[in-house]
Amino acid sequence: MPVSILKSTYKTIQEDLPKLLEKINYEPQKKKVFIKPNLVDALPPSSAVIVHPKLMEALCDFLLSRGVEEIIIGEGTGYFTKQEHFRKLIKATKYTKIEKKFNLEIENLEFADRKTVNWKYGELSLPNYVLDGEHEYINVPKMKTHCQCSVTLAMKNQKGLLLLKDKRNFHKNALHDMIFELSKTVKPDLILMDAISCLEGTGPTENTQTNVKQLNLVLAGRDLIEVDNVAARIMGYDPEEVKHIPKLDNITVIGEQLADVASPFKRPEPYIVMGPIIYHQNEKMCTQCGIAMSKTFRKILFKEELRTRFEQLTEKYPRIDFLLGAGLEEFPEGCVVPVLVGNCTMEFAKSKGIDFCKGCPPNHNDIIEFFFKLLEEEVK
Ligand code: SF4
């Protein structure tokens, strides 16, 4: 099945989208459509972390113009599982405009009606929308780099269909193979990728606003693995480098050609350095802890009182290592002041006789409080 690539911007996407979908002969086949965008964090569209609402608006307009009668947009983001947090996410991402224009409410998939299916890893709960045969399923990912998966594209976007407990299981068990297996279990009717403004470098929720890469492209296709192969190559990755994407050759590309639009992305680092802080990226840490950490750092950066305390810490300690996620076995080389965050670090903390910040995920305010306890401790 072909993958189409078209140049576009958020100003022209309304006119461009029908041309893009025409290239792969896409017309909705059902009257009801379920759309799964990527809205992973409560950040504005300019962050390039989320699918831009302009693209979503263009897609909804297109579907309605083709006779679709009901549109459901649903997302499941671990850190924003509680309904009041989910509403904050929808507001921050400016999806309230979509709700207003199309008279709908973005659905929190944690509470969607579900069915259980069998798959390689036992049983998996999925929203009815992607199983009932009544709804056309459209997967709308954002083109981004990712500190644990190298890239996060259409295959990984499907992780948002899972219940929170299953998202955590993915990270604790076999993240890459489970994403791949999920792509065999759930197959969209259409994939529409927002690659207009993208995220490069260490992401997806760190360094927002500074890691935006303007690519001005949209991609469409019907096969997850094909679309992700094409997208990864645009970003300068050989798909063999991305553990969850099986490499495919000889994919038919319509419209812009790969060689003309490929533009290597800055790659994610295994750790982030902020002053004396080294924040280690661990494959077994799930997005919820990642977002809690991003909120922690953002709050320290933007609150003057916290910034002052942070500067005091900087004077006191030349290096502080943040460690999260399951499976920790040893401190990183040169680590003198470790900060362990999340219940997953409990066993490791016990084995080392030190404290850890509790929570699954911990609230960012608790992380801040735990972190600044370092100011009261004596330097060893
Ligand atoms: S503590 Fe953090 S990394 Fe561990 S399961 Fe909970 S949210 Fe995920």
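See the structure shown above.
Summarised in this report is the structure supplied together with it. Since this is a predicted model, take the numbers as computed values, not measurements.

## So, the overall build of the protein
Looking only at helices and strands, one finds 13 helices and 16 strands in the protein. Over its C-alpha trace the protein gives a radius of gyration of 21 Å, about what one expects of a compact globule, namely 21 Å for 380 residues. Counting across all 380 residues of the protein, residues that qualify as buried make up 57%. When contacts within the protein are restricted to residue pairs at least 6 apart in sequence, long-range pairs at least 24 apart make up 70% of them.

## As for the sheet that holds strand 13 (residues 271–274)
Ordered in space as 13-14-15-16, the 4 strands form an open sheet in which the pairing is mixed. Of all strands in the sheet, those with a lone pairing partner are strand 13 and strand 16 (338–341), marking the two edges. Taken pair by pair, the neighbouring strands of this sheet meet at an average axis angle of 20°, ignoring direction. Where strand 13 and strand 14 (residues 277–280) come together, 4 bridges link them in antiparallel fashion. Opposite I272, over in strand 14, you have Y279 as the bridge partner. Contacts between helix 13 (residues 364–372) and the sheet are confined to strand 14, strand 15 (320–324) and strand 16, with strand 16 contributing the most and set at about 155° to the helix.

## Concerning the pairing of strand 10 (residues 190–199)
The buried fraction of strand 10 amounts to 10 of the 10 residues, a majority that puts the element mostly inside the structure. Pairing of strand 7 (residues 135–140) with strand 10, which is carried by 2 bridges, proceeds in the parallel orientation. In the strand pairing of strand 10, I138 is matched with L190. Two elements, strand 8 (residues 142–146) and strand 10, share 2 bridges in a ladder whose sense is parallel. Across the sheet, K144 pairs through a bridge with L199, a residue of strand 10.

## So, the packing of helix 1 (residues 13–23) against helix 2 (residues 53–65)
Two numbers describe a pair of packed helices, the interaxial angle and the distance between the axes. Packing of helix 1 against helix 2 brings their axes to within 9 Å, and their N-to-C directions diverge by 60°. In this view, helix 1 runs oblique relative to helix 2, as classed from their interaxial angle. The way helix 1 lies across helix 2 gives a crossing that is right-handed. When helix 1 is examined against helix 2, the residues I13, Q14, L17, P18 and L21 are found in contact with a partner set consisting of K54, L55, E57, A58, L59, D61 and F62. Grouping the constituent residues of the contact of helix 1 with helix 2 by class yields 8 nonpolar, 1 polar and 3 charged.

## Describing the packing of helix 10 (residues 287–302) against helix 13
It is the contact of helix 10 with helix 13, at a shortest axis distance of 8 Å, that shows an interaxial angle of 65°. The handedness of the crossing between helix 10 and helix 13 comes out as right-handed. Between helix 10 and helix 13, the contacting residues are A292, M293, K295, T296, K299 and I300 on the first element and H364, N365, I367, I368, F371 and F372 on the second. When the residues that make up the contact of helix 10 with helix 13 are grouped by side-chain class, the tally is 7 nonpolar, 3 polar and 2 charged.

## Observations regarding helix 2
The first and last C-alpha atoms of helix 2 sit 18 Å apart over 13 residues, in line with the 18 Å expected at 1.5 Å per residue. Along helix 2, the positions that sit buried rather than exposed are P53, L55, M56, A58, L59, C60, F62 and L63.

## Details of the nonpolar core
With 71 residues, the main nonpolar core has I35, L63, F322 and F371 as its most contacted residues. In terms of residues, this core owes the most to one element, helix 2, which gives 7 residues. Residue-level mapping places this core at the junction of two domains, with at least three residues from each of domain 1 (3–261) and domain 2 (271–375). Dropping the residues within four chain positions of it, F322 is found in contact with I277, I278, Y279, H280, M293, F297, V339, V341, I367 and F371. I5, M143, L153 and A231 belong to the second largest nonpolar core, which has 49 residues in total.

Reading the values: rules and limits
Residues numbered from 1 in each chain as written. Predicted model: local features only at pLDDT ≥ 70, side-chain atom pairs only at ≥ 80, totals over all residues. Heavy atoms only, no water. Helix = DSSP H or I, 4+ residues; strand = E, 2+ residues; numbered from the N terminus. Rg over C-alpha atoms; globule rule 2.2 N^0.38 Å. Buried < 20%, exposed > 50% of the residue type's maximum accessible area, 1.4 Å probe, protein only. Contact = heavy atoms within 4.5 Å. Pairing = 2+ DSSP bridges. Axes fitted to C-alpha atoms, helices over the stretch in contact; angles between N-to-C directions. Parallel < 35°, antiparallel > 145°, perpendicular 65-115°, else oblique. Left-handed = near helix turned anticlockwise from the far one by under 90°. Nonpolar A, V, L, I, M, F, W, Y, C, P; charged D, E, K, R; others polar. Expected span 1.5 Å × (residues − 1). Core = buried A, V, L, I, M, F, W, Y, C linked by side-chain atoms within 4.5 Å. Domains from an automatic or database assignment.

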